[in-house]
Number of protein chains: 2
Amino acid sequence: MADWQEVSGGVTAAKGYRASGIKAGLKPSGAPDLALIVSDVGAIAAGVFTTSCVRAACVDFNRQVLESGSLVKAILCNAGQANASTGEEGWRNAVETAQLVQTALETEESVLVASTGVIGRQLRMDLIRPAIPQVVAALSVDGGDAAAKAIITTDLVTKAIALEADFDGIPIRVGGISKGSGMIHPNMATMLAFVTCDAAVAPTLWQEMVSRACDRSFNQITVDGDTSTNDMLLALSNGQSGTPGILEAESPTAQKLEAMLTEVCIYLAKAIARDGEGATCLIEITVSGASDQAAARQVAKTIAGSSLVKSAVFGRDPNWGRIAAAAGRSGIVFDQTQLDIQLGDFVMMSQGTPQTFDRNAASNYLKSPTVQIKVKIGNGAGEGTAWGCDLSYDYVKINAEYTT
Amino acid sequence: MADWQEVSGGVTAAKGYRASGIKAGLKPSGAPDLALIVSDVGAIAAGVFTTSCVRAACVDFNRQVLESGSLVKAILCNAGQANASTGEEGWRNAVETAQLVQTALETEESVLVASTGVIGRQLRMDLIRPAIPQVVAALSVDGGDAAAKAIITTDLVTKAIALEADFDGIPIRVGGISKGSGMIHPNMATMLAFVTCDAAVAPTLWQEMVSRACDRSFNQITVDGDTSTNDMLLALSNGQSGTPGILEAESPTAQKLEAMLTEVCIYLAKAIARDGEGATCLIEITVSGASDQAAARQVAKTIAGSSLVKSAVFGRDPNWGRIAAAAGRSGIVFDQTQLDIQLGDFVMMSQGTPQTFDRNAASNYLKSPTVQIKVKIGNGAGEGTAWGCDLSYDYVKINAEYTT
């Protein structure tokens, strides 16, 4: 059905990108913790950042770079320290890190930086300075997996995808990696996601595409309702596919590229929700009948974020009243006599009236790896989807024992 | 310091009130589940209700009664079925229940109704009809405790208080009862709270006082971020104290009464937060330096609602970065270089810069029954407080196993 096919390689699938991931000693576990993504030629860059007013130094730094409109050569990402709430010293460290990468790559084009880990801890510059020549030396056209591994924290699995589509005989590829897996309720994007593309796209159009794709993907997932200080989606496009420039938003090629980009972002976002801290399943909530897409998405995301809905799914308890309650408090006004609720194939409420259903079978359905909830709130054309995960004992365990 | 003193009796402490609580068989546990509060003379009534558009039938019914301005004779409350998401049948049951109480009390004055329990279940009218003469027969001037017991669900403790103050030689009393303890993130009031007062107050002034008190108390607690379909604060005042009428908002007597009413509401709200499902402590967050009180309250409530802050407190982990992150995403904009964070007496961040502190001592402090977090976001005069509880394994356990 889709106009594209999946290919391997993650962020190094698109032409003209290399990546690497190494152990710099920033994580107490000794796991890989420093990733680098480099474009052979300066790429246009788009970004979406946390809306929090407590922001990591790297967020502010990257916003400045993107506002300058300069081409981007590389993205460096460390795990272990978030470099958020670190004051002036944190800012100086972000700037120095980018400069060190520029020096090591012998480039004057811009370098973006990203961090994830404990808030309030300074970057371990004593470890990062000597590690930068190493992460540059490790760059490879097959390095997408290594980079995906080096950006994760409490994630159980790496998250990477790449798609390829034919554009008048020439392939364009879009690939990406992301990490979760707590403090996930992006008010822009998940904690960190990096996307690479080899299309030649007008910079403002690329930013528009990235923002819209983000709204439909990373902004529609929630693990625990906590928007992070470091949330960041960065997307590069370097024109190395050799396809003609994509300049007009309304053109079929632009729409095809945006659809492929959105698919990559949705894949990465769902992977984060499914791997949410302590999660045992992915919950997909589709809302229809709203006045517009934004309203539908808001209702869907409110249900995805309800601790009571999440606990009920973990307990395999088809307690649909909690779905109704979460929809009702979303801030989107609807007539409760129009409300339909369906869990998998089980109709639980129709036109505001409870329906009888097989509770044991519905409870069994809740053991599926993906649980689907469908809610209709009226007769409008607006539809939207959100993704979340269940709330388990392990979420509490992971977060009660994080820094001590 | 306070102008008032605590007295016993809860909702029957004020003059001219009787109450009762009986077992009608609505709860599978067989615990008391039907409560009645009656004023000897028709009382003026004020209310604050859930802002959810999925509302219990009793919420809509009571709003109609309050809008009519009629005097209120009684409040009947059942636990076991929430009578929310129950369609037309649910509405008819709410109306019939109120009429049955009117008949049993031989009154034409209005009766308010409230329900709590599982959403989507119809009221067990077969059990309620025969129980109403019994709950009327059980009315007593000492019945406040019995009523407090009959309105709870997963609550571990009953919640009741009464205060008395002297008004030019004559005492006025305000008493109340409430229940939690999950689906607690009131966008008005907690699930259910009933307040009685024997002052003679102008009805519109009473409603204003009740709304303001609610904003500073029930609207500032959160257990799990889930606003309920049944949230309701009802407050009666029957003039039986014999004190002169309180008519002017600016008068010293009105201000004294409002302060006492607010104290009762804050006590009941804190009791709900402390008894939140699975909670092991009360968390009190005070925010200062905001542009106004509403902004300060919003920041405080966002921190109180953060799953990550709550998990860290449960784990006795002084991970203050999560407090900074929650403040930053509250929707209130501030300059992060002005941010101060204090946990008990431990200063963790000052002017946006991390401070060194004794982690072991801070972790020990988190074992206190009440954990105090102080946050300053600037130099404004706005202050506000919110209350929450920690997030424990037991919250998940309770909510994973609720209906099945």
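It should be emphasised that the depicted structure is a prediction, and the values quoted were computed from it without experimental measurement. (Residues numbered from 1 in each chain as written. Chains lettered and ligands numbered in written order. Predicted model: local features only at pLDDT ≥ 70, side-chain atom pairs only at ≥ 80, totals over all residues.)

Student: Residue-level account of the overall build of chain A, with values.
Tutor: In terms of helices and strands, chain A carries 11 helices and 15 strands. Its C-alpha atoms give chain A principal-axis dimensions of about 70 × 55 × 35 Å. (Helix = DSSP H or I, 4+ residues; strand = E, 2+ residues; numbered from the N terminus.)

Student: Quick rundown of the pairing of strand S12 (residues 346–350) of chain A? Include the residues and the values.
Tutor: Residue and element names in this part refer to chain A. One ladder, built from three bridges, connects strand S11 (residues 340–343) with S12; its direction is antiparallel. Considered in S12, the bridge of glutamine 342 is made with valine 347. In sequence, S11 turns back onto S12 through a hairpin of two residues, with glycine 344 there showing a positive phi of about 60°. For S12 and strand S13 (residues 353–354), the ladder comprises two bridges, and the chain directions are antiparallel. Bridging across to S13, methionine 349 finds its partner in proline 354. The hairpin formed by S12 and S13 contains two residues between the paired strands, and glutamine 351 there has a positive phi angle of roughly 50°. (Pairing = 2+ DSSP bridges.)

Student: For helix H9 (residues 321–328) of chain A, give the residues involved together with the corresponding values.
Tutor: In terms of residue burial, H9 of chain A counts as a mostly covered element, since eight of its eight residues are buried. All of the buried residues along H9 of chain A are Gly321, Arg322, Ile323, Ala324, Ala325, Ala326, Ala327 and Gly328 of chain A. Considering only its buried residues, H9 of chain A is in contact with helix H7 (293–305), helix H8 (307–314), S11, S12 and strand S14 (370–376) of chain A together with strand S5 (110–118) of chain B. (Buried ≥ 20, exposed ≤ 12 C-beta atoms within 10 Å, placed from the backbone. Contact = placed C-beta atoms within 7 Å.)

Student: So, the domain arrangement of chain A: which residues are in play, and what are the values?
Tutor: All names here are of chain A. You can read the domains of chain A as domain 1 (4–274) and domain 2 (282–400). Taking the mean C-alpha position of each, domain 1 and domain 2 sit 31 Å from one another. Across the contact, 12 residues belong to domain 1 and 13 residues belong to domain 2. (Domains from an automatic or database assignment.)

Student: Could you give an account of the pairing of strand S15 (residues 382–389) of chain B, naming the residues involved and the relevant values?
Tutor: All names here are of chain B. Across the eight residues that make up S15, a large majority, seven, are buried. Strand direction decides the pairing type here: strand S10 (residues 282–290) and S15, joined by seven bridges, are antiparallel. Looking across to S15, one finds that isoleucine 283 is bridged to glycine 388.

Student: Help me get a handle on the sheet that holds S10 of chain B, residues and values and all.
Tutor: All names here are of chain B. With mixed pairing, six strands are arranged side by side in an open sheet as S13-S12-S11-S14-S10-S15. Only two strands of the sheet have a single neighbouring strand rather than two, namely strand S13 (353–354) and S15. Packing of helix H9 (residues 321–328) onto the sheet brings it into contact with strand S11 (340–343), strand S12 (346–350) and strand S14 (370–376), and relative to S14 it is tilted by some 55°. (Axes fitted to C-alpha atoms, helices over the stretch in contact; angles between N-to-C directions.)

Student: Describe unusual backbone geometry, and please don't skip the residues or the numbers.
Tutor: All names here are of chain B. One non-glycine residue, glutamate 106, lies in the positive phi region at around 50°. In this model, glutamine 351 sits at a positive phi of 50°, which is unusual for a non-glycine residue. Along the chain, the position of glutamine 351 falls in the loop between S12 and S13.

Student: Which residues make up the confidence of the model for chain A, and what are the values?
Tutor: Parts of the model with low pLDDT should not have their predicted coordinates read in detail. Residue and element names in this part refer to chain A. This prediction gives chain A a mean pLDDT of 89; 95% of its residues lie at or above 70. Confidence, read as mean pLDDT per element, is least for helix H11 (residues 393–400) in chain A (78) and greatest for helix H3 (residues 125–137) (98). Note on the complex model: pTM 0.80, ipTM 0.74. (pLDDT = per-residue confidence, 0-100.)

Student: For helix H7 (residues 293–305) of chain B, give the residues involved together with the corresponding values.
Tutor: Residues lying three or four places apart along an α-helix face the same way, a consequence of the helix completing one turn every 3.6 residues. Residues and elements named next belong to chain B. Helix length check: H7, at 13 residues, gives a terminal C-alpha distance of 18 Å against a target of 18 Å (1.5 Å per residue), a fit within 8%. Along H7, 10 of the 13 residues are buried, which leaves the element largely enclosed by surrounding structure. Of the positions making up H7, those classed as buried are Ala295, Ala296, Arg297, Val299, Ala300, Lys301, Thr302, Ile303, Ala304 and Gly305. On its buried face, H7 sits against S10, helix H8 (307–314), H9, S14 and S15. (Expected span 1.5 Å × (residues − 1).)

Student: I'd love a proper account of the sheet that holds S11 of chain A, names of residues and values included.
Tutor: Residue and element names in this part refer to chain A. One open sheet holds the six strands; their spatial order is S13-S12-S11-S14-S10-S15, and the pairing between them is mixed. Edge positions in the open sheet fall to S13 and strand S15 (380–389), since each of these has one partner strand only. Docked against the sheet, H9 engages S11, S12 and S14, running at close to 55° with respect to S14.

Student: Break down the nonpolar core for me, with residues and values.
Tutor: Core analysis: the biggest nonpolar cluster contains 276 residues, and Ile37, Ala147, Val299 and Ile303 of chain A together with Ile37, Val299 and Ile303 of chain B have the highest contact counts within it. When near neighbours in sequence (up to four residues on either side) are disregarded, isoleucine 37 of chain A contacts Val11, Tyr17, Ala19, Ala74, Ile75, Ala147, Phe194 and Thr196 of chain A. (Core = buried A, V, L, I, M, F, W, Y, C linked by C-beta atoms within 7 Å.)

Student: Please give an account of the environment of valine 38 of chain A that cites residues and values.
Tutor: Residue and element names in this part refer to chain A. Examined against the element boundaries, valine 38 turns out to sit in strand S3 (residues 34–49). As for valine 38 and isoleucine 22, which are separated by 16 residues in sequence, their C-alpha atoms are 15 Å apart. When near neighbours in sequence (up to four residues on either side) are disregarded, valine 38 contacts Tyr17, Arg18, Lys73, Ala74, Leu105 and Leu139.

Student: A description of the environment of isoleucine 221 of chain A should follow, citing residues and the corresponding values.
Tutor: All names here are of chain A. Among the structural elements, isoleucine 221 can be located in the loop between helix H5 (203–216) and strand S9 (232–237). Since 29 C-beta atoms lie within 10 Å of it, isoleucine 221 is described here as buried. On a C-alpha basis, the gap between isoleucine 221 and lysine 367 in space is 20 Å, while along the polypeptide they are 146 residues apart.

Student: Tell me about the packing of helix H2 (residues 87–105) of chain B against helix H3 (residues 125–137) of chain B, residues and numbers included.
Tutor: All names here are of chain B. Direction vectors running N to C along H2 and H3 enclose 25°, while the axes themselves pass 9 Å from each other. On the basis of the axis angle, H2 is roughly parallel to H3. The interaxial crossing formed by H2 with H3 has right-handed handedness. Two secondary-structure elements touch here, H2 through Asn93, Glu96, Thr97, Leu100, Val101, Ala104 and Leu105 and H3 through Met125, Ile128, Arg129, Ile132, Pro133 and Val136. Each residue belonging to the contact of H2 with H3 can be placed in one class, and the counts come to nine nonpolar, two polar and two charged. (Parallel < 35°, antiparallel > 145°, perpendicular 65-115°, else oblique. Left-handed = near helix turned anticlockwise from the far one by under 90°. Nonpolar A, V, L, I, M, F, W, Y, C, P; charged D, E, K, R; others polar.)

Student: Explain the packing of H8 of chain A against H9 of chain A to me, and be specific about the residues and the numbers.
Tutor: When two helices pack together, their arrangement is given by the angle between their axes and by how far apart the axes lie. Residues and elements named next belong to chain A. At a minimum axis separation of 9 Å, H8 and H9 run at an interaxial angle of 160°. Classified by the interaxial angle, the pair formed by H8 and H9 is roughly antiparallel. The element H8 and its partner H9 pack so that their crossing is left-handed. Counted together, Leu308, Val309 and Ala312 of H8 and Arg322, Ile323 and Ala326 of H9 form the full contact between these two elements. Grouping the constituent residues of the contact of H8 with H9 by class yields five nonpolar, no polar and one charged.

Student: Residues and numbers for the environment of glycine 380 of chain A, please.
Tutor: Note on placement: glycine 380 of chain A falls in strand S15. Taking the C-alpha atoms as reference, glycine 380 of chain A lies 4.7 Å from serine 291 of chain A; in sequence the two are 89 residues apart.

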